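What follows is each chain in one-letter form.
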Amino acid sequence: MDKKPIKIMDTIFRDASQSKIATRMRLEDILPIAEKLDKVGYHSIEMWGGATFDSCIRYLNEDPWERIRVIKKRMPNTMMQMVIRGQSLVGYRHYPDDVVIRFVEKAAENGIDIFRAFDALDDVRNLKTVIETVKKVGKTAEGTICYTISPVHTIDLILDKALQLEDLNIDTFCLKDMAGLLAPYTAFDIIRRLKESLKIPIHLHTHDTCGMGAMTCLKAIEAGVDIIDTVLSPFSEGTGQPPTESLVLTLKETSFDTGLDLNLLAEVADDVRDMRRKYKEFDTDLGGVDSKIMVTQIPGGVMSNMIAQLRQIGAVHRLNEILEEIPRVRKDLGYISLVTPTSQLIVVQATLNIVTGERYKIITKETQELLRGGYGETPGPVNRDLQKKALKGKQPIQCRPADLIPNQMGRFRGELKGITDSEEDVLTYALFPNIALDFFKRRRDFHPTLTNPKELPAS
Ligand code: CO
């Protein structure tokens, strides 16, 4: 039989830290583990992007750019991967093209090898600037489509978007199942169709929230997938990815043998288990299988936030009505995915529709912006009556949203004169102006933050 070693990306320093311990993993805990994982033989390790940037400056008092450089030194043999929210980079709104281009250039220069770019609406136009810049600086561009379930989300739609991404010269294609909804046999069908049509390697990202993760990965491998995301066992399962060691063992001595060093993985897993205990305070893991997700399609993190917010306004008894309203709002908004930042948008609008006693009595700024076309083109058509009401007679935009945002790097450089002249700092400020100024001040004075997990009792 022909050999086809499956390549593995471990999500330990990004997705797993974000899904399980609220992105609080500190650099000093990452480094000794990174050094050992460098010898395992991974395809790549995800260690930047998503919420890590925000968390570094907001909670950890760490420079996110320094994090790339230092990990690179300890992990010189393994490709470093980041996840990037298209035109929103690692923030929550669309940034001008000059900020996007400079951000990608600087991330590459500091050490990122692979850029996984996704867009909440899967509007390929929102990925164009990122992908073109990644290609220009000679790094690996991974184009991504989010997996979700709705009447408009067919395999043909995924395929169509994947081909649009291939036209942008991406190096690999990723199917991103952020909520863990992808069932094993569906994965088989989708991956087989993608393999028939695309010439580039295919990467699968899933979560184990519904308990299907490992089975989904295995069926995807049988259908021809090339790269799989897993995480070292102490951060695996539940809202994390399926465990790396189990997949390595499953494929051992088959034509898919990963070649990863299982003894070394077991040794590092012990270290990681000890390390995770330090972050008990931030542990958001409920453990086990959450099949409610299957019905509601609401990612675990969103659900726990929603319940906390309903408690605050004394409306937790309306939870079931809100859960029933969510699919209706999603339909009105063109079946957008529940992924950052559209998940928050849907939940807030559905909650208002129930607690005010009248649907769309209040239309949030974000819902208006979506209906205006400000996030891009929705997968399905939006409710036209609602759109008219929200835009009050104004016409929605048809172009790529960033086409209407003027370049701003010059202004940001000017605003930071006398504070810093580092381009990395200018980018940090462009993304999170208020938090960045506060962070620069703390970095100068170096007052350790109160959220330092090391100051918490380790038990
Ligand atoms: Co994920």
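Residues numbered from 1 in each chain as written. Predicted model: local features only at pLDDT ≥ 70, side-chain atom pairs only at ≥ 80, totals over all residues. Heavy atoms only, no water.

Caption draft 1: Region of interest: the coordination of the cobalt ion. Those protein atoms acting as donors to the cobalt ion are D15 (OD), H205 (NE2) and H207 (NE2), and they sit at 2.0 to 2.1 Å. Counting the intervening residues between successive donors of the cobalt ion yields the motif D-x189-H-x1-H. You can see D15 sitting in helix α1 (residues 15–20) and its partner H207 sitting in the loop between β7 (202–205) and α9 (213–222), a full 192 residues away along the chain. With respect to burial, D15 and H207 carry one shared label: buried. (Donors = N, O, S within 2.8 Å, 3.2 Å for Na, K, Ca; no water. Helix = DSSP H or I, 4+ residues; strand = E, 2+ residues; numbered from the N terminus. Buried < 20%, exposed > 50% of the residue type's maximum accessible area, 1.4 Å probe, protein only.)

Caption draft 2: Quick peek at the domain arrangement of the chain. Under the domain assignment used here, the chain contains domain 1 (7–282), domain 2 (293–402) and domain 3 (408–455). Once you take the C-alpha centre of each, domain 1 and domain 2 turn out to be 27 Å apart. In this complex, domain 1 contributes 28 residues to the contact, which on the side of domain 2 involves 26 residues. In total, domain 1 and domain 2 occlude about 2200 Å² of area from one another, counting both sides; carbon and sulfur atoms represent 64% of this. At the boundary of domain 1 and domain 2, one finds one salt bridge. Where domain 1 meets domain 2, there are seven residue pairs in polar contact (both at pLDDT 80 or more). For the side of domain 1 that touches domain 2, the residue count by class is 14 nonpolar, eight polar and six charged. (Domains from an automatic or database assignment. Contact = heavy atoms within 4.5 Å. Buried area = accessible area lost by both parts, 1.4 Å probe. Salt bridge = Lys/Arg side-chain N within 4 Å of Asp/Glu carboxyl O. Polar contact = N/O pair within 3.5 Å; in protein donor to acceptor, adjacent residues only side chain to side chain. Nonpolar A, V, L, I, M, F, W, Y, C, P; charged D, E, K, R; others polar.)

Caption draft 3: View of helix α7 (residues 155–167). Its 13 residues place the ends of α7 18 Å apart at the C-alpha level, agreeing with the 18 Å of an ideal helix rising 1.5 Å per residue. All buried positions along α7 are accounted for by L157, I158, L159, K161, A162, L165 and E166. (Expected span 1.5 Å × (residues − 1).)

Caption draft 4: Quick look at the packing of aromatic side chains. Applying the stated rule across the entire model yields ten aromatic pairs. With a centroid separation of 5.9 Å and 85° between ring planes, the pair formed by F53 and W65 is classed as edge-to-face. Separated by twelve residues along the polypeptide, F53 in helix α3 (residues 52–60) and W65 in helix α4 (residues 64–74) bring together distant segments of the chain. Relative accessible area serves as the criterion here: at 0%, W65 is assigned to the buried category. Relative to F103, the ring of F53 lies with its centre 6.1 Å away and its plane at 55°, an arrangement referred to as tilted. Pair noted here: F53 is in helix α3 and F103 is in helix α5 (residues 97–110), with a separation of 50 residues, a long-range link. The class for F53 is buried, based on a relative accessible area of 0%. An aromatic cluster is built from W48, F53, W65, Y92, F103 and F432, whose rings are joined through pairwise contacts. A cation over an aromatic ring shows up here: K219 above the ring of F188, its NZ or CZ 5.1 Å from the ring centre. Taking NZ or CZ as reference, R276 lies 5.1 Å from the ring centre of F235, over its face. (Phe/Tyr/Trp six-rings, centres within 6.5 Å; stacked < 30°, edge-to-face > 60°. Lys NZ or Arg CZ within 6 Å of the ring centre and 35° of its normal.)

Caption draft 5: Highlighting the packing of α4 against α5. The interhelical angle for the contact between α4 and α5, taken along N-to-C directions, is 35°, at an axis separation of 9 Å. Between α4 and α5, the contacting residues are W65, I68 and R69 on the first element and F103, K106, A107 and N110 on the second. When its residues are assigned to classes, the contact of α4 with α5 shows four nonpolar, one polar and two charged. (Axes fitted to C-alpha atoms, helices over the stretch in contact; angles between N-to-C directions.)

Caption draft 6: Examining the packing of helix α10 (residues 244–251) against helix α11 (residues 262–277) more closely. Where α10 meets α11, the closest approach of the two axes is 10 Å, and the angle between their N-to-C directions is 165°. Classified by the interaxial angle, the pair formed by α10 and α11 is roughly antiparallel. In the packing of α10 onto α11, the handedness of the crossing is left-handed. Here α10 contributes T244, E245, V248 and L249 to the contact with α11, which in turn contributes L262, L265 and A269. Grouping the constituent residues of the contact of α10 with α11 by class yields five nonpolar, one polar and one charged. (Parallel < 35°, antiparallel > 145°, perpendicular 65-115°, else oblique. Left-handed = near helix turned anticlockwise from the far one by under 90°.)

Caption draft 7: Up close: the sheet that holds strand β2 (residues 44–49). Spatial strand order, β1-β2-β3-β4-β5-β6-β7-β8: eight strands in a closed barrel with parallel pairing. Taken pair by pair, the neighbouring strands of this sheet meet at an average axis angle of 30°, ignoring direction. Where strand β3 (residues 79–84) meets strand β4 (residues 114–117), four bridges bridge the pair, whose relative direction is parallel. Directly across from V83, in β4, lies its bridge partner R116. (Pairing = 2+ DSSP bridges.)

Caption draft 8: Seen up close, the pattern of salt bridges. By the definition in use, this model includes 41 salt bridges. The partner of D189 in a salt bridge is R192, with the nearest N and O atoms 4.0 Å apart. With D189 and R192 both in helix α8 (residues 184–197), this residue pair falls three residues apart, about one helical turn. For D189, a relative accessible area of 35% corresponds to the partly exposed category. Since its relative accessible area comes to 41%, R192 is described here as partly exposed. For D332, the salt bridge identified is with R359, shortest N-O distance 3.0 Å. Here D332, found in helix α14 (residues 319–332), pairs with R359, found in the loop between α15 (342–355) and α16 (365–371); they are 27 residues apart in sequence, far enough to count as distant. A residue is classified by how much of its surface remains accessible, and D332, at 9% relative accessible area, is buried. With relative accessibility at 38%, the residue R359 sits in the partly exposed group. Via salt bridges that share partners, R102, E105, R413 and E423 belong to a single interconnected network.

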